[in-house]
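Chain by chain, the residues run as shown.
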Amino acid sequence: YDILFKTNEVGTDVTAFGYPLTSTMGEELKVTNGIISAKTGFQGDATTYQVSVPVQSGNSGGPLFNSNGDVVGIISSKHKGTDNVSYAIKSSYLYSLVMSSNIEIELQNKNTLQGLPLTTQVSKIRNFVFLLKCE
């Protein structure tokens, strides 16, 4: 669980998964990448990373992975005043939230994605990222 509590460094390669703009881009899972641009988010928010991953409506709630296949955050928003500035809630804060819910959850402590090429990681991860529609 060490990765959950480790702050990733600025410059870390990250990849986001999601379902942006399904009305025009379709309902196939989309993958996009960038880097961690800052260890803090909008207005210095320490619970989020600023990332250069280009995201759209529909990416929110999608996982953000580092190159080892570790979930480092969840995409939460983008900065509308500029291009390719997005924010992700850090996994350590998400873990704390889940643990505070008193729901028993067992997390896998072995990373089976580390060392695999991105294409292989995507083929394995895609089975665990879902499109949820609310009407």
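Residues numbered from 1 in each chain as written. Predicted model: local features only at pLDDT ≥ 70, side-chain atom pairs only at ≥ 80, totals over all residues. Heavy atoms only, no water.

Visitor: Where do I start with the overall build of the protein in this structure?
Guide: What the protein contains, in helices and strands, is four helices and six strands. Listing each helix as α and each strand as β along the protein from the N terminus yields α-β-α-β-β-β-β-β-α-α. Here the protein has a C-alpha radius of gyration of 15 Å; the compact-globule value for 135 residues is 14 Å, and the two agree. Projected onto its principal axes, the C-alpha coordinates of the protein cover approximately 40 × 35 × 35 Å. Summarising the internal contacts of the protein: among those between residues at least 6 apart in sequence, 51% fall at separations of at least 24. As displayed, the protein has an accessible area near 8400 Å², and 51% of this comes from carbon and sulfur atoms. Side-chain charges in the protein split into 10 positive and 11 negative, and the spacing between the mean points of these groups amounts to 4 Å. (Helix = DSSP H or I, 4+ residues; strand = E, 2+ residues; numbered from the N terminus. Rg over C-alpha atoms; globule rule 2.2 N^0.38 Å. Contact = heavy atoms within 4.5 Å. Areas by Shrake-Rupley, 256 points an atom, 1.4 Å probe, with all protein chains shown as cover. Lys, Arg positive; Asp, Glu negative; His and termini not counted. Charge placed at Lys NZ, Arg CZ, Asp CG, Glu CD.)

Visitor: Please explain the environment of V53 as it appears in this structure.
Guide: Tracing the sequence through the fold places V53 in the loop between β3 (48-51) and β4 (63-66). Judged by relative accessible area, which is 0%, V53 ranks as buried. On a C-alpha basis, the gap between V53 and D13 in space is 9.7 Å, while along the polypeptide they are 40 residues apart. (Buried < 20%, exposed > 50% of the residue type's maximum accessible area, 1.4 Å probe, protein only.)

Visitor: Help me understand the sheet that holds β3 in this model?
Guide: Within a sheet, neighbouring strands are paired by backbone hydrogen bonds and run either parallel or antiparallel to one another. Within the closed barrel, the six strands sit side by side as β1-β2-β3-β6-β5-β4. Their pairing is antiparallel. Strand-to-strand, the axes of this sheet are offset by a mean angle of 45°, without reference to chain direction. As paired elements, β4 and strand β5 (residues 71-78) share three bridges and run antiparallel to each other. Each residue of the ladder has a partner; that of F65, found in β5, is V71. Of the strands in this sheet, β1 (13-18), β2 (30-38) and β4 are in contact with helix α4 (residues 118-125), which crosses β1 at around 35°. (Pairing = 2+ DSSP bridges. Axes fitted to C-alpha atoms, helices over the stretch in contact; angles between N-to-C directions.)

Visitor: How should the environment of L116 be read in this particular structure?
Guide: Inspection of the secondary structure assignment puts L116 in the loop between α3 (91-100) and α4. Accessibility expressed as a relative area gives 28% for L116, which makes it partly exposed. As a C-alpha pair, L116 and G69 span 47 residues in sequence and 8.4 Å in three-dimensional space. Once you skip the residues sitting within four places of it in the chain, L116 turns out to touch Q121 and K124.

Visitor: Help me understand α4, please; the structure alone is not making it clear to me.
Guide: Given 3.6 residues per turn, any residue in an α-helix points the same way as the ones three and four places further on. Of the residues making up α4, those classed as buried are Q121, V122 and I125. In an axial view of α4, the angular spread of the buried residues amounts to 100°, which keeps them on one side of the axis. On the buried face of α4, the contacting elements are β1, β2 and β4. (Arc of directions from axis to C-beta.)

Visitor: Explanation requested: the pairing of β5 in the structure shown.
Guide: The two faces of the sheet receive side chains in turn, since in a regular strand these alternate between them. Here β4 folds back onto β5, and the loop between the two strands holds four residues, one of which, G69, carries a positive phi near 85°. Here β5 pairs with strand β6 (residues 86-90) via five bridges, running antiparallel. Across the sheet, I74 pairs through a bridge with I89, a residue of β6.

Visitor: Looking at this structure, I do not really get the pattern of salt bridges. What am I missing?
Guide: Charged atoms that come close allow side chains of opposite charge to pair. In total, this model carries two salt bridges according to the counting rule given. Residue K39 is joined to E9 by a salt bridge in which the shortest nitrogen-to-oxygen separation is 3.3 Å. Of this pair, K39 sits in the loop between β2 and β3 while E9 sits in the loop between α1 (2-5) and β1, and the two are 30 residues apart along the sequence. The partly exposed category is assigned to E9, whose relative accessible area is 45%. With a shortest N-O distance of 2.4 Å, E27 and K133 are connected by a salt bridge. On the criterion of sequence distance, the pair formed by E27 in the loop between α2 (22-25) and β2 and K133 in the segment after α4 is long-range, its members being 106 residues apart. Of the residues examined, E27 reaches a relative accessible area of 48% and is grouped as partly exposed. Its relative accessible area of 52% is what places K133 among the exposed residues. (Salt bridge = Lys/Arg side-chain N within 4 Å of Asp/Glu carboxyl O.)

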